[in-house]
Amino acid sequence: MKSNPPGKTGYFVLEGTNAFAASYYFNYLMFLLQREHGFSNLDNLALSAVHGFLYVGTSWYAGRFGQRHGYFTSLRIGFGGMGLGVALGWMLPGSSGQVLALLVWTLALCFTWPMLEALASEREPRHRLPHRVGLYNVVWAATAGLAYFVGGTLFEHLGRAGLYWLPLAIHALQWIRLGRLERDHARGASSAIGEPGPTIAPGPRHEPGPTRDARVTQVFRKLAWMGNPFAYMAMNTLIAVVPGIAGRAGLGIEEAGRLLSAWFLVRTQTFAILWGWHGWHYRIGWFLGSFLLLIGGFVNDKPAREVWMLLVAQIAFGGGTCLIYYSSLFYA
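Being a predicted model, the structure only gives us computed values, none of them experimental.

Q: What is the right way to read the confidence of the model for the chain from this model?
A: Low-pLDDT portions of the prediction should not be read for the details of their coordinates. Here the chain averages 85 in pLDDT, while 88% of its residues score no lower than 70. Of the regions scoring below 50 in pLDDT, residues 194-210 engages in 1 contact with residues more than four places distant in sequence or in other chains.

Here it is in C-alpha cells:
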C-alpha cells in the first residue's frame, strides 16, 4: 500500500506563530529601546550587529545539534529559551536587562528555524519539495509581515508589558503543542520503515527532464550563499534604524508599524509569485536584478522623509530581499 507524505499543517502553524512572535518582539524592541532607554540609531545598530553575529554562529551549531539529538528536542530548547528571554526582558526593565534578554532570545531562536524547515520538507517526494519550500517561505513571510503591520497598534494598546507577555504566551502554547506533534511524527516514521518502494512496471523507462549542468548549479548555489548574508545584514540594519526613520517622517509608532511594514508585505507577495512562477530559475539577470533592488531600496529608505519615497524604497527592498533569500533555498 502506498503511503502519502506526512501531514505538515502542525509544523506550518508552529512556523507561522514563531514568525509572528519573533517579528513582534525583535522589531518593536528597537522602538522600546529608543523610546524608553534613549538608544540612538548607532546603539540599535550595534545591538543588531551583536544579535546577527550571535545568530549566524549559533545557527550552525543548532543545526548539528538537531541532527544528533532530534528535531523536537531542539524545538523544546528553542521555544523554552525564547520564552525565557522575553520573560527576562519583562522582569529586568533596565537597558542591561533588555540586552541580556535579547541575547538569550537570540541563542534560543537558532534552535527553531532549521528544525521547522526540516520538518516541513522531511519525507517529501522530490517533485513536491519545491512546493513545500515555497509554502514555507510564504507562511513565515506573511506572519512576520502581519506582526509588523499590527505590532504598532498592539504596542500602543497592550502597553510595554505586551511586548513580553504576548510572545511568552505564544511560545508556551508552542511548547505544549510539541508533545502531540512528536507522537504523530514518531508514528509516521515507524510506518514508513520497511515500506516497499514503488513498483515499476516493465516497459520503456521514462527519464526525468533535462537536468542543469553541474557547473551551472554550483555557480548559482555559490552566488545565492554569498548574497543571502548581505540581504540579512541589510534587513537587520534597516530594522535597527526604522525608529529613527519614523521619527524623521513624523510618524507615531502605530503609524510607523502600518507604513513601514510595506517591505514585509511586498516580500510576502513576491514569495507567492516566485512560488508559482518558475521563470526566474537559473536566470542570472533576475538574480543580479534582485541585488539592484536591494541596494536601491536600502540606500533610499534611510534618508527618505516623504511617505511616497518610503513606500517606493520599501517596494524595491522587499522584492530584492525576497528573491535573494528564495534563491539561497532553491539553489541549495
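Q: Looking at this structure, I do not really get the packing of aromatic side chains. What am I missing?
A: The description of an aromatic ring pair rests on the distance of the ring centres and on the angle between the ring planes. Per the counting criterion, the structure on display carries 20 aromatic pairs. Taking the centre distance of 5.4 Å and the plane angle of 20° together, the rings of tyrosine 28 and phenylalanine 31 count as stacked. With tyrosine 28 and phenylalanine 31 both in helix H1 (residues 9-37), this residue pair falls 3 residues apart, about one helical turn. Here the two residues tyrosine 28 and phenylalanine 31 agree in accessibility, since each one is buried. A ring pair is formed by tyrosine 28 and phenylalanine 155, whose centres lie 6.4 Å apart and whose planes are at 25°; its orientation type is stacked.

Q: Is there a simple way to think about the environment of leucine 173 in this case?
A: Within the secondary structure, leucine 173 sits in helix H7 (residues 162-192). The exposure class of leucine 173 is exposed, given its relative accessible area of 61%. A sequence separation of 156 residues divides leucine 173 from threonine 17, and the C-alpha atoms of the two residues are 9.6 Å apart.

Q: Before we go on, may I ask you to explain the environment of leucine 288 in this structure?
A: Relative to the assigned elements, leucine 288 resides in helix H11 (residues 284-301). Separated by 61 residues in sequence, leucine 288 and glycine 227 have C-alpha atoms that sit 9.8 Å apart.

Q: Would you explain unusual backbone geometry in this entry?
A: Backbone geometry places arginine 123, a non-glycine residue, at a positive phi of 60°. Relative to the helices and strands, arginine 123 is located in the loop between helix H5 (113-121) and helix H6 (129-158).

Q: Looking at this structure, I do not really get the packing of H1 against H5. What am I missing?
A: When two helices pack together, their arrangement is given by the angle between the helix axes and the distance between those axes. Where H1 meets H5, the axes come as close as 9 Å, and the angle between the chain directions of the two elements is 150°. Considered as vectors, H1 and H5 are oriented roughly antiparallel to each other. In this structure, H1 crosses over H5, and the sense of that crossing is left-handed. Between H1, through Tyr11, Phe12, Leu14, Glu15, Asn18 and Ala19, and H5, the contact on the second element is made entirely by Trp113, Leu116, Leu119 and Ala120. Here the residues of the contact of H1 with H5 are counted per class, giving 8 nonpolar, 1 polar and 1 charged.

Q: How should I be thinking about the side chain of serine 59 in this particular structure?
A: Mapped onto the fold, serine 59 is located in helix H2 (residues 41-69). Residue serine 59 is classed as buried on the basis of its relative accessible area of 18%. Engagement of the side chain of serine 59 in a polar contact is seen with the backbone oxygen of tyrosine 55, the distance being 2.7 Å.

Q: Can you help me understand the nonpolar core in this one?
A: Across soluble globular proteins, nonpolar side chains show a tendency to be buried alongside one another. Residues Tyr25, Tyr28, Phe31, Trp105, Leu163, Phe271 and Phe317 are the most contacted members of the largest nonpolar core, which totals 83 residues. If you tally residues by element for this core, the top one is H1, at 16 residues. Not counting chain neighbours up to four residues away, the residues in contact with tyrosine 25 comprise Val86, Ala101, Leu102, Trp105, Leu163, Tyr164 and Pro167.

Q: Can you walk me through the packing of helix H10 (residues 262-276) against helix H12 (residues 307-330) in this structure?
A: Two elements in contact, H10 and H12, have axes separated by 8 Å at closest approach and are oriented at 40°. With respect to their mutual orientation, H10 and H12 come out oblique. Helix-helix and strand crossings are classified by hand; for H10 and H12 the assignment is right-handed. Counted together, Ala262, Trp263, Val266, Arg267, Thr270, Phe271, Leu274 and Trp275 of H10 and Leu311, Gln314, Ile315, Phe317, Gly318, Gly319, Thr321, Cys322, Leu323, Tyr325 and Tyr326 of H12 form the full contact between these two elements. Looking at the contact of H10 with H12, its residues break down into 13 nonpolar, 5 polar and 1 charged.

Q: Would you mind going over a nonpolar patch on the surface with me for this structure?
A: Together, Trp90, Met91, Leu92, Leu100, Leu158 and Trp165 give the surface a local cluster of nonpolar side chains, amounting to about 550 Å² of exposed area. Along the chain, the position of leucine 100 falls in helix H4 (residues 95-109).

Q: Looking at this structure, how should I read H2?
A: Taking 1.5 Å per residue as the helical rise, H2 with its 29 residues ought to reach 42 Å, and the 40 Å between its terminal C-alpha atoms agrees with that figure. The axis of H2 is deflected most strongly, by about 25°, at serine 59. Remark: glycine 70 follows H2 within two positions and exhibits a positive phi of approximately 105°.

Parameters and conventions
Residues numbered from 1 in each chain as written. Predicted model: local features only at pLDDT ≥ 70, side-chain atom pairs only at ≥ 80, totals over all residues. Heavy atoms only, no water. pLDDT = per-residue confidence, 0-100. Contact = heavy atoms within 4.5 Å. Phe/Tyr/Trp six-rings, centres within 6.5 Å; stacked < 30°, edge-to-face > 60°. Helix = DSSP H or I, 4+ residues; strand = E, 2+ residues; numbered from the N terminus. Buried < 20%, exposed > 50% of the residue type's maximum accessible area, 1.4 Å probe, protein only. Axes fitted to C-alpha atoms, helices over the stretch in contact; angles between N-to-C directions. Parallel < 35°, antiparallel > 145°, perpendicular 65-115°, else oblique. Left-handed = near helix turned anticlockwise from the far one by under 90°. Nonpolar A, V, L, I, M, F, W, Y, C, P; charged D, E, K, R; others polar. Polar contact = N/O pair within 3.5 Å; in protein donor to acceptor, adjacent residues only side chain to side chain. Core = buried A, V, L, I, M, F, W, Y, C linked by side-chain atoms within 4.5 Å. Patch = residues over 30% accessible without salt bridge, like charges linked within 9 Å, V, L, I, M, F, W, Y side chains within 5 Å. Areas by Shrake-Rupley, 256 points an atom, 1.4 Å probe, with all protein chains shown as cover. Salt bridge = Lys/Arg side-chain N within 4 Å of Asp/Glu carboxyl O. Expected span 1.5 Å × (residues − 1). Bend = angle between axes of the 7 residues up to and from the residue.

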